[in-house]
Amino acid sequence: MRKSSAVTKIAVQADSPKLNYKEKDRGCTAMAGEEAAGQNKGFKLLGILDVQRTPCAREAILHGAGGSVAAGMLYFLATSRVRRSFDVGFAGFMLTTLGSWFYCRINNAKLRVQQRVIQEGMRNKVIYEGTVLDPTNKPNADAPPGPP
Amino acid sequence: MAHPSQLGFQDAASPVMEELLHFHDHTLMIVFLISTLVLYIIVAMVTTKLTNKFILDSQEIEIIWTLLPAMILILIALPSLRILYLMDEINDPHLTIKAMGHQWYWSYEYTDYEDLGFDSYMVPTQDLNPGQFRLLETDHRMVIPVDSPIRVLVSADDVLHSWAVPSLGIKMDAVPGRLNQTAFITSRPGVFYGQCSEICGANHSFMPIVVEAVPLEHFENWSSLMLEDA
């Protein structure tokens with residue numbers, strides 16, 4: 001019987017000598033017992049939100065928790081109303097989580113756009129290097145001036 | 001490919017799939033917050049001592065629970081529509097491949113320059129080498145150059161099939177007598193697995209799709225070898 005779960009490093013790649021990519025994270029390596037045990041399984045809030053793997057989620061939830069405690073405590077200290085303090089704390093949680101989440105996601109999106117622009121620039125640099133389209137070409141000082 | 005007991009998406013291998021992952025995270029956070037709100041309201045309702053059997057109407061809360069869901073839906077719909085139109089863009093493909101579904105295998109045709117075509121059958125479990133994936137490996141992979149826009153024309157020879165590769169964010173129905181078009185770019189080299197996604201008979205679960213993205217010179221070598229073998 002074939003022990004498909006026993007061996008499996010990324011040996012599949014050995015069949016294709018042309019292949020350069022090695023999948024390092026939770027793809028095929030999770031099938032190997034030791035590596036699967038070593039990886040984080042991810043903590044899912046309410047069973048749906050994986051705060052460890054979702055970008056900005058962990059920060060948003062932590063900020064929300066802090067905002068919730070701060071808002072609830074401040075309201076309680078000001079009014080001594082317990083139940084309403086919980087309501088205010090919960091509202092603080094929602095608003096702080098949302099605010100932190102969108103702020104982080106917008107910055108994340110800007111970074112991704114910059115990353116793509118840089119990647120495109122690097123790719124074009126390789127293609128255009130040494131040609132007249134190379135943006136790093138310095139103009140020749142001895143060359144005759146252009147038309148007025 | 002997916003790892004055992006995986007529930008979430010696979011890692012993205014194309015820009016469209018990256019956008020889909022980000023949209024999913026965005027929507028999931030909204031869903032999580034709504035679920036938390038509902039849970040809190042349930043606990044508050046169950047534990048309150050306040051009772052008033054004669055409340056008839058309240059304009060303020062009616063306005064809130066009308067406007068708030070509308071704003072949430074707009075917040076979800078706008079990125080959704082953006083991605084919907086993004087997925088329909090076809091930006092000057094470098095290569096066109098025809099993927100034909102049969103019972104029960106896929107065939108691929110690269111006819112842009114030479115007449116290259118081959119069938120792609122699943123490797124039976126007893127023929128797998130150590131390290132290969134059960135029910136996912138094929139004898140011939142669809143090899144493509146990395147970082148190049150690829151157009152795939154999907155059709156079928158007999159019954160309905162569906163050509164799907166989750167990590168590229170692609171699923172396209174293969175309908176007999178119809179050509180469906182999709183396009184993608186792989187951001188990184190690698191091997192990407194998918195399975196037929198439309199019930200097509202006894203061996204519907206046993207006709208996988210394997211896309212292998214390699215650098216251009218390797219793709220050229222591969223296509224030369226395949227043409228020689230043909």
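Keep in mind that this is a model prediction, so the values were computed, not measured.

## So, the domain arrangement of chain B
Residues and elements named next belong to chain B.
- Each domain of chain B was delimited in the assignment, giving domain 1 (13-86) and domain 2 (93-227).
- Of note, the centres of domain 1 and domain 2, computed from C-alpha atoms alone, are 39 Å apart.
- Domain 1 puts six residues into the contact, and the matching count from domain 2 is nine residues.
- Regarding the contact of domain 1 and domain 2, the summed buried area is about 540 Å², with carbon and sulfur atoms giving 52% of it.
- When the area that domain 1 buries against domain 2 is broken down by residue, the three leading residues are Ala13, Ser14 and Met17, summing to 75%.
- Where domain 1 touches domain 2, the interface holds zero salt bridges.
- Split by residue class, the side of domain 1 that touches domain 2 holds four nonpolar, one polar and one charged.

## Let's talk about the state of the cysteines
- A full pass over the atoms with the stated rule returns one disulfide over all chains.
- Linked covalently through their sulfurs, Cys56 of chain A and Cys104 of chain A form a disulfide whose S-S length is 2.0 Å. Of note, the bridge from Cys56 of chain A to Cys104 of chain A carries an S-S torsion of about -70° and is left-handed in sense. Separated by 48 residues along the polypeptide, Cys56 of chain A in the loop between strand 2 (49-50) and helix 2 (57-79) and Cys104 of chain A in helix 3 (residues 82-128) bring together distant segments of the chain.
- Relative accessible area serves as the criterion here: at 6%, Cys56 of chain A is assigned to the buried category.
- Residue Cys104 of chain A is classed as partly exposed on the basis of its relative accessible area, which comes to 24%.
- Cysteine Cys196 of chain B remains unbridged, with the sulfur of Cys200 of chain B as its closest cysteine sulfur at 3.8 Å.
- Judged by relative accessible area, which is 4%, Cys200 of chain B ranks as buried.

## Concerning the pattern of salt bridges
- On inspection of all chains with the given rule, the structure shows six salt bridges over all chains.
- The residue Asp25 of chain B makes a salt bridge to Arg105 of chain A at a minimum N-O spacing of 3.8 Å. Of this pair, Asp25 of chain B sits in helix 1 (residues 15-47) while Arg105 of chain A is found in helix 3, placing the two residues in two different chains. Across the pair, exposure class does not vary: Asp25 of chain B and Arg105 of chain A are buried alike.
- A salt bridge links Glu137 of chain B to Arg141 of chain B; the nearest nitrogen and oxygen atoms lie 3.4 Å apart. You'll find Glu137 of chain B and Arg141 of chain B in the same group, each marked buried.
- Salt bridges linked by common partners bring Arg112 and Arg116 of chain A together with Glu19 and Arg82 of chain B together as one network.

## Notes on the UniProt feature "transmembrane region" (unreviewed entry) in chain B
All names here are of chain B.
- Per the UniProt annotation, the sites labelled "transmembrane region" (unreviewed entry) are residues 27-51 and 63-85.
- Between the C-alpha atoms that bound residues 27-51 there is a distance of 36 Å. The span itself is 84% helix and 0% strand.
- Strand forms 0% of residues 63-85 and helix 100%; the C-alpha atoms that close the span are 33 Å apart.

Conventions and cut-offs
For every chain, the first residue of the written sequence is number 1, and numbering continues from 1 onward in sequence order. Note on labels: chains are lettered from A, ligands numbered from 1, in written order. Side-chain atom pairs in this predicted model are given and counted only at pLDDT of 80 or more, local residue features only at pLDDT of at least 70, and totals for whole chains, interfaces and linings cover all residues. Note: side-chain values were computed over all heavy atoms of the structure, leaving out hydrogens and water. Domain start and stop points were drawn from an automatic or database domain assignment. Every residue pair with non-hydrogen atoms within 4.5 Å of one another is taken to be in contact. Values labelled buried area give the accessible surface lost by two parts on being combined, using a 1.4 Å probe and summing over both. Note on definitions: salt bridges are taken to be side-chain nitrogens of Lys or Arg within 4 Å of carboxyl oxygens of Asp or Glu. Note on residue categories: nonpolar means Ala, Val, Leu, Ile, Met, Phe, Trp, Tyr, Cys or Pro, charged means Asp, Glu, Lys or Arg, and polar means any other residue, Gly included. By convention in this document, the label disulfide applies to cysteine sulfur atom pairs within 2.5 Å. Here a strand is any run of E in DSSP of at least two residues, a helix any run of H or I of at least four, and the numbering for each starts at the N terminus. Here's how the labels work: a residue is buried when its accessible area is under 20% of the maximum for its type, exposed when over 50%, partly exposed in between, all with a 1.4 Å probe on protein chains only. UniProt positions are given in the numbering used here, feature names are shortened, and annotations may be inferred rather than shown by experiment.

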